[in-house]
Structure formats: C-alpha cells, structure tokens
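# Observations on the three-dimensional arrangement
So the chains spell out like this:
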Amino acid sequence: MMTLTKKCPHCGSKRFTSRSETSRTTPLSFATIFSCQECCQQFRYLFPFALAFESRVTPPSELPVNFLLRIQGTRNQYARITNISPGGLSFIHHVNVLPADTRLLVVDLYNCNDGSSLESLRIEIVASSEQELNRQGRKASIFRYSARFIHLNQAQQKVLVTCISQHGSPRLLSPQKVKYR
C-alpha cells in the first residue's frame, strides 16, 4: 500500500513513531522507517511517498483450521491463525486481545485434532486492524493482528519449523494493490 502524503498507508493515521534503522535500509539513508501508533503497521517514508512493507523473510503458510492460537492470560482465549512463517504469524479474533499498555503476548499453537501444542511462544504485535461486518443485520467486529516471534529458544524454533513444514500449505499471495489516501 502507498500514500502520497506522510501518513500511515494502512489506516491513514498521522500518529507514528520513528523506528531504528536496520541493515536492509542502510543503502536508503534518505528513507525513514516509521511505525503507526494506531495500527502498528511499519512503513517507509520517501518524500513524498509512504510505503507499507512486509518484514517477513520467509513466505507465509496456511495451517489447517484445526490449528488455533491460544492466547495465555487470566482467561485463555483462542484465535484463528490466518498465516504463519518461522518469523511470525497473522491471526484474527472477535475481540480486541491487546491490553492497552503492551504489544507483547505469550501464546500457544494448539492442534484441536490431537490436543498437542507448542507452548509459551512470545510474540510482539507489529500491526493490527479492525474490520466491521454486518451479517444478517447484526454488526460484529473482527480484529486482525500481525505478530513476530521473539526470543524463541532453539527447541521451539525447530518444532515450529517442523509443524509448518508438515501441516502448512504455501499461501498464495495476490499482488499488492496500491491504495491512495
């Protein structure tokens, strides 16, 4: 997605913070990386354009519907995984699962068929959005989150990669559409 002004290409907000430069952007010293405070989408600002970008290195896969994301807390919540890669995942939930003061969660990947799970995976939410639906006259909200895995130990990484390779199917990404706001 792209905008012709200095605002978030995803939600249109003008509330964002500068992110630290990474080695990928060193050759583009004139490009500044920002993170939207509203939806957490990362984007580059190259005057006069703001360009959203995907920060995953490996392509995402889709898991079967029997795999859920269990969000740990005082009351466990379950969310539908939309795609996953060794670097992160996207999921949807019918309620806003983010506490107001943090973007960090501890989650489990849960297989409903056999009850197995990969537990205590730490994630950081990097983007979120809300979509309102109107089904048969009833309004509902769906929250979409994109997150990256942080501080996984070697065993967790190995089991995660094995799970994705055994159960996942490559996700076909459609060409990204340019949005002007």
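For the structure, check the block above.
Because the structure is predicted, anything quoted here is derived from the model rather than measured.

## Re the overall build of the protein
Within the protein one finds 1 helix and 13 strands. Counting only contacts in the protein whose residues sit at least 6 apart along the sequence, the fraction spanning at least 24 positions is 53%. When the accessible surface of the protein is summed, it comes to about 11,100 Å², and 51% of that surface belongs to carbon and sulfur atoms.

## Some remarks on the environment of Tyr145
Looking at the secondary structure, you find Tyr145 in strand β12 (residues 138–150). Residues Tyr145 and Ser128, spaced 17 residues apart in sequence, show a C-alpha to C-alpha distance of 4.4 Å.

## Things to note about the pattern of salt bridges
This model, assessed by the stated rule, comprises 3 salt bridges. Of the charged contacts in the structure, one is a salt bridge between Arg148 and Glu124, with a shortest N-O distance of 2.6 Å. Pair noted here: Arg148 is in strand β12 and Glu124 is in strand β11 (residues 117–135), with a separation of 24 residues, a long-range link. By relative accessible area, which is 39% here, Arg148 ends up partly exposed. Several salt bridges converge on common partners, so that one network encompasses Arg70, Asp108 and Glu119.

## Thoughts on helix α1 (residues 154–167)
The terminal C-alpha atoms of α1 lie 20 Å apart, and with 14 residues this matches the ideal 20 Å at 1.5 Å per residue to within 8%. Within α1, burial applies to Gln156, Leu160, Cys163 and Ile164. The buried residues of α1 occupy one face: seen down the axis, they fall within an arc of 95 degrees. The outward face of α1, more than 90 degrees from its buried face, is lined by the exposed residues Gln154, Ala155, Lys158, Ser165 and Gln166. Here α1 starts with a cap whose side-chain oxygen sits 3.2 Å from the backbone nitrogen of Ala155, and that cap is Asn153.

## Quick look at the nonpolar core
Core analysis: the largest hydrophobic core is formed by 24 residues, its most contacted members being Leu69, Ile84, Phe91, Leu109, Ile123, Phe149 and Leu160. Of all the elements in the fold, those that place two or more residues in this core are β7 (67–71), β8 (77–85), β9 (88–93), β10 (104–111), β11, β12 and α1. If sequence neighbours within four positions are ignored, Leu69 has contacts with Gln77, Tyr78, Ala79, Ile81, Leu89, Phe91, Val107, Asp108 and Leu109. Within the second largest apolar cluster, 7 residues are counted, among which are Cys8, Phe16, Phe34 and Ala50.

## Structural notes on the environment of Cys36
Summarising the element assignment, Cys36 is placed in strand β3 (residues 32–36). Under the relative-accessibility criterion, Cys36 is labelled buried at 1%.

Conventions adopted
Residues numbered from 1 in each chain as written. Predicted model: local features only at pLDDT ≥ 70, side-chain atom pairs only at ≥ 80, totals over all residues. Heavy atoms only, no water. Helix = DSSP H or I, 4+ residues; strand = E, 2+ residues; numbered from the N terminus. Contact = heavy atoms within 4.5 Å. Areas by Shrake-Rupley, 256 points an atom, 1.4 Å probe, with all protein chains shown as cover. Salt bridge = Lys/Arg side-chain N within 4 Å of Asp/Glu carboxyl O. Buried < 20%, exposed > 50% of the residue type's maximum accessible area, 1.4 Å probe, protein only. Expected span 1.5 Å × (residues − 1). Arc of directions from axis to C-beta. Polar contact = N/O pair within 3.5 Å; in protein donor to acceptor, adjacent residues only side chain to side chain. Core = buried A, V, L, I, M, F, W, Y, C linked by side-chain atoms within 4.5 Å.

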